[in-house]
Amino acid sequence: MSGWRRRQSRHVGWLFLLPALVLLSLFVVWPLLRAFWWSLNATDLLALPRQHWLGGAQYSAVLRDERFRQAFANTALFALLVVPVQTALACFLALWVTRPEREWRWLRAVFVLPTMVAMPALAVVWTALYQPSESGQSGPINALLTAFGMAPHAWLREPQLALPALALMSVWQGVGLQLMVFVSALQALPRELLEAARLDGANGWQRTWFVTLPALRNTIVFLLSVTTILAFRLFVQPYLMTRGGPMDSTLSLIQLIYDTTFVAQDLGLASAGAFLFLLTVLLLTLVQRWALREERT
Amino acid sequence: MSRALRWALAALCAVAYLAPLLWLLAASFRENAGIFASGLGGVFAAQGWTLSNYGAAIRRAGLAHAIFVSLAQVAVIGGGGLLVNSLAAFAFARLEFRGRDLAFSAVVALIILPVEVLAIPLFFTARDLGLAGSGGQALLALSLPFVAKAFNIYYLRQQFLSLPSELEEAALLDGAGVCRQFWSIALPAIRPALATVVLLDLLTHWSDFLWPLLMSTRASTHTVQVALAALFTAPPVDWGAILACAVLSTLPVLAVFGFFQRYVVLSDARVGIR
């Protein structure tokens, strides 16, 4: 019986894989190899066949380039602003709303709602929310500040404020998805653990700090690394809300790669930038793997 | 804490958290002068409601057509992806053949590739394949690259592996072939996982921006998000129409999500973060 099955499978296996492998090769592997080739050759957007070999020169050009450095610093700062706040907030909210009562379950749905609205739509909405106060008109955030006697700001036009403003809206949008991961991790926690701590005389805060949080370690590591990668992919918010300005203060890596391709038309340099970006993502993934392995041993 | 107090606290947090969306909804029904009314009440205290923003949004952004394009895009990705990815996942989970483990490792290695890295070379590949055009070609360009998805293959494989193998043994005894095993036994058994995958594909690709920005350059191929962005960036700025457009662009997703939500395994929420 099993022999029949194995013989049958040998032919069918690759057949079942075929559509996926064809599509993945065509739309993932081939473009990736092509971009890698461009990153090693001087490549003009409008004259693809005219290439000449540069080796690693474009990589070092990217690393020396002032704007690429600026974009990397901006993107890293954005991640630094978003990731700890969003993860801590999601964890705190999850500890609070993971209770059986209806009202908390309902509140969980509220926090998840913004994650279902597309980022471009939210970017447009928050641009309106951040509108500066001009000629009797005012965005709602500035209207609130003024009503409470505080100074209004042109949030998206001041170099010091623009990136934090983007980070704030990103945290607001993204917290829900992390919250759901925390909630399901909390619900999977063995009850005996908390019960034992209670019997040992631990109070609510002690149980949270010494039992629940350590048990969530892997979830936290997972979320920290995944959210960092997501933050590094920053594009929509600056593209629509600030166009990378003011004075390049919100210029993100992806936006610069995009601009280098279509505005400066330097496909080779852009590809080198893209691969350095990919290398960053890979490093973050490796750090995650390493941190998760620690726990298992 | 008493029950009433808990409800009050939850309601307060809900209103505060959803304030940006509540503002959006209110502003989309106001005349342009009222949208940025200053003062504590802001848009909520302004005078007069209007539907004209919605008319303007549909007219100026070509929103009806854009919603159709986006729906077609996610339908091809969701439907095609379901078939292609579950076939591959089933092969990796249940069939034995030479090179299987190597092929699986290769697929898993593709999971972490962000679309932002691929978008620009993919633009040229799509052009080479003759997909940079209008109508059906543009639709294929928007959807075909995202049908096969390494992560979905990985996730569905785990679902197939978690099925009891007796399920298929029984089918074998009944004389079912591999295709029947896949189609009539294994696939229906992982229905909640399939719903999860389709729904997350919907959420992901409804908000696609970078790729449609590259591919749908003419108005007739604009997706919802590109249409919204075009309205947003083209002068003169008509905030009423823009905000109405943002509301309308969200409704289809909420409708589909509300309808399918009960089929989804929320304990698999981490699937959403990829």
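See the structure above.
Read on for a plain summary of the structure. (Residues numbered from 1 in each chain as written. Chains lettered and ligands numbered in written order. Predicted model: local features only at pLDDT ≥ 70, side-chain atom pairs only at ≥ 80, totals over all residues.)

1. Some words on the overall build of chain B
Now for step 1: If you tally the helices and strands in chain B, you get 14 helices and 0 strands.
Now for step 2: Its helices and strands taken in sequence order, chain B reads α-α-α-α-α-α-α-α-α-α-α-α-α-α from the N to the C terminus.
Now for step 3: Reported as C-alpha extents along the three principal axes, the dimensions of chain B are approximately 75 × 60 × 30 Å.
Now for step 4: Per-residue burial for chain B yields a buried fraction of 43% across its 274 residues.
Now for step 5: Taking as baseline every contact in chain B between residues at least 6 positions apart, the subset at least 24 positions apart corresponds to 74%. (Helix = DSSP H or I, 4+ residues; strand = E, 2+ residues; numbered from the N terminus. Buried ≥ 20, exposed ≤ 12 C-beta atoms within 10 Å, placed from the backbone. Contact = placed C-beta atoms within 7 Å.)

2. Topic: the overall build of chain A
Now for step 1: Helix and strand content of chain A: 13 helices and 2 strands.
Now for step 2: In terms of C-alpha radius of gyration, chain A reaches 24 Å, well past the compact-globule figure of 19 Å for 297 residues.
Now for step 3: In terms of principal-axis extent, the alpha carbons of chain A reach across some 85 × 75 × 30 Å.
Now for step 4: The buried share of chain A, taken over its 297 residues, is 41%.
Now for step 5: Considering only intrachain contacts with a sequence separation of at least 6, the fraction spanning at least 24 residues in chain A is 68%. (Rg over C-alpha atoms; globule rule 2.2 N^0.38 Å.)

3. Remarks on the interface of chain B and chain A
Now for step 1: The interface is formed by 72 residues belonging to chain B together with 70 residues belonging to chain A.
Now for step 2: Those elements that place two or more of their residues in the side of chain B that touches chain A are helix H1 (3-27), helix H4 (63-94), helix H5 (100-109), helix H6 (115-128), helix H8 (150-161), helix H11 (191-206), helix H13 (224-233) and helix H14 (239-260) of chain B.
Now for step 3: With 11 residues, the top contributor of residues to the side of chain B that touches chain A is H1(B).

4. What about helix H4 (residues 102-116) of chain A?
Now for step 1: The end-to-end C-alpha distance of H4(A) is 22 Å, a good match for the 21 Å that 15 residues give at a rise of 1.5 Å each.
Now for step 2: Residues Leu107(A), Arg108(A), Phe111(A), Pro114(A) and Thr115(A) constitute the buried set of H4(A).
Now for step 3: Packing partners of the buried residues in H4(A) comprise helix H3 (66-97), helix H5 (119-129) and helix H7 (159-187) of chain A together with H1 of chain B. (Expected span 1.5 Å × (residues − 1).)

5. What to know about the pairing of strand S2 (residues 47-53) of chain A
Residue and element names in this part refer to chain A.
Now for step 1: Burial runs low along S2: only 0 of the 7 residues are buried.
Now for step 2: As defined by bridge partners, strand S1 (residues 41-44) adjoins S2 across 4 bridges and the pair is classed as antiparallel. Its bridge partner being in S2, Asn-41 is matched across the sheet by Trp-53.
Now for step 3: Counted along the chain from S1 to the antiparallel partner S2, the turn is 2 residues long. (Pairing = 2+ DSSP bridges.)

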